[in-house]
Every structure is written in C-alpha cells, then in structure tokens.
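Okay, here's what each chain looks like letter by letter:
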Amino acid sequence: MTALDIDIRRLTAADAAMYRDIRLEALRANPEAFGSAFETESVWPVGWFAERLAGGAAMLGAIRGSELVGTLGLLKADGPKRQHKGMLVGMYVRPAARRGGVGRRLLDAALDLAAQSVELVQLSVVKGNEPAHRLYQSAGFVEYGLEQRALKVGGRYYDDILMAKDLIGT
C-alpha cells in the first residue's frame, strides 16, 4: 500500500462506524499513546462517535477503497487568548498501511487545514515512539518540553514529548 492509493478527507457522522472501529483498535494496540482508554470508549455506541465527528474538531481519515486506514485530528483551542493554537490528536495508522507515507499525508493535510485558522500547532508523542517522533521532526515540529509520567498504563509510566510547529514563521 502506498500513499498514492489513499484519499485523505475530513470524516463525517456518516463515517462513525468505521471511525469507531479504528479508534478502538488504536486504543487496544497502543494504549500508551492515547489519553483515553479502550475500556472507556468501547462501551460508547456508534452514535457517540457520530456526534464527535459532527462536532467542532476536525478528524481526518486516510481511506483506501472503503477502508479507513488512518486518522489524525485537529482541535482548535477555545477562548480569545488561545484561539491562535491548535492541537493534533489521535494519530493512528493501521499496521498494514505503515511505512507507505500514509502518516505523512495525514500530517500534511492536518497542517494545511490548521494553517487556515491557527498560528501554532502542538502535539505530544510518547517517548520511545521513534517513527512518530521522526515524522513530526521532519515536518518541522520542535520539542519544547517533556511531560514526565504523562500516562500510567498497566502500572508503567510513560513520558510525553511535547512538540510544536509555528505556522506563521515557516
């Protein structure tokens, strides 16, 4: 699978069932990479995911044929003092679609979308996830901090590397 086989688009409420499937897969496969938990979201009905997709956040999907193979969300900060910032969340690419440029296509699309309304994009990546860390660095994100013990999963702590990209200075 290559990135050329993929269509990147904003997911809508009509995509809720396939979004729920990939979201639960991501939470199960990489619990250390997400603030939410499989046990929490697996009990929520498809309708909850439809409402989430219809809400203010933009969730982008990488679609090959009729299969959702990757996701990446853009949240815009609330309030007049923070509205210049956005946050990338929920990046996940299914294993069969990795190493083919799908993550990069999602990231580029999210940054293009962000450039329409924010000046700064932030994200966090779990320390030790080198492929994701390299991807973000290659897109111009720089580290600005480390949140120690950001998450605790199964008795083990995980640190988050905090990264940001200035969209008006680039």
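The paragraphs below set out a description of the structure included in this document. Here the structure is a predicted model, which means the values were calculated and not measured.

## Observations regarding helix H1 (residues 16-29)
With 14 residues, H1 extends 20 Å between its outermost C-alpha atoms, agreeing within 8% with the 20 Å of an ideal straight helix rising 1.5 Å per residue. All buried positions along H1 are accounted for by Ala 16, Tyr 19, Arg 20, Ile 22, Arg 23, Leu 24, Ala 26 and Leu 27. Considering only its buried residues, H1 is in contact with helix H2 (38-41), helix H3 (46-54), strand S2 (58-64), strand S3 (67-76) and strand S4 (85-93).

## Comments concerning the layout of surface pockets
Quantified by volume, the largest pocket comes out at close to 1,100 Å³. What lines the largest pocket is a set of 39 residues, and nearest its centre among them are Met 91, Tyr 92, Asn 129, Ala 132 and Tyr 136. Only S4, helix H4 (102-114), strand S5 (120-126), helix H5 (130-138), strand S6 (142-153) and strand S7 (156-166) provide two or more residues apiece to the lining of the largest pocket. At seven residues, S4 tops the list of elements feeding residues into the lining of the largest pocket. Residues of the lining of the largest pocket, tallied by class, amount to 21 nonpolar, nine polar and nine charged. Of the pockets and cavities examined, the second largest pocket occupies roughly 180 Å³. If you go around the second largest pocket, the residues you meet are Leu 27, Arg 28, Pro 31, Phe 34, Gly 35, Ser 36, Ala 37, Phe 38, Glu 39, Leu 151, Lys 152 and Val 153. Those elements that place two or more of their residues in the lining of the second largest pocket are H1, H2 and S6. No other element matches S6, which puts three residues into the lining of the second largest pocket.

## Considering empty space enclosed by the protein
Under the definition given, this model contains one cavity of 30 Å³ or more. Space inside the largest cavity adds up to approximately 40 Å³. What lines the largest cavity is Tyr 19, Ile 22, Arg 23, Ala 26, Phe 34, Thr 71, Gly 90 and Tyr 92. Put simply, the parts of the chain that give the lining of the largest cavity at least two residues each are H1 and S4. Element by element, the count of residues in the lining of the largest cavity is highest for H1, at four residues.

## Remarks on the pattern of salt bridges
Scanning the entire structure with this criterion turns up seven salt bridges. Across the pair Arg 23 and Glu 41 runs a salt bridge whose closest N-O atoms are separated by 2.9 Å. You can see Arg 23 sitting in helix H1 and its partner Glu 41 sitting in helix H2, a full 18 residues away along the chain. Residue Arg 23 is classed as buried on the basis of its relative accessible area, which comes to 9%. In the salt-bridge network here, residues are joined through shared partners; they are Arg 23, Glu 41 and Arg 52.

Rules behind the numbers
- Residues numbered from 1 in each chain as written.
- Predicted model: local features only at pLDDT ≥ 70, side-chain atom pairs only at ≥ 80, totals over all residues.
- Heavy atoms only, no water.
- Helix = DSSP H or I, 4+ residues; strand = E, 2+ residues; numbered from the N terminus.
- Expected span 1.5 Å × (residues − 1).
- Buried < 20%, exposed > 50% of the residue type's maximum accessible area, 1.4 Å probe, protein only.
- Contact = heavy atoms within 4.5 Å.
- 1 Å grid on protein atoms, 1.4 Å probe; cavity = no way out; pocket = protein on both sides within 12 Å on 5 of 7 lines; lining within 4 Å.
- Points joined across faces, edges and corners; volume = space filled by probe spheres on them.
- Nonpolar A, V, L, I, M, F, W, Y, C, P; charged D, E, K, R; others polar.
- Salt bridge = Lys/Arg side-chain N within 4 Å of Asp/Glu carboxyl O.

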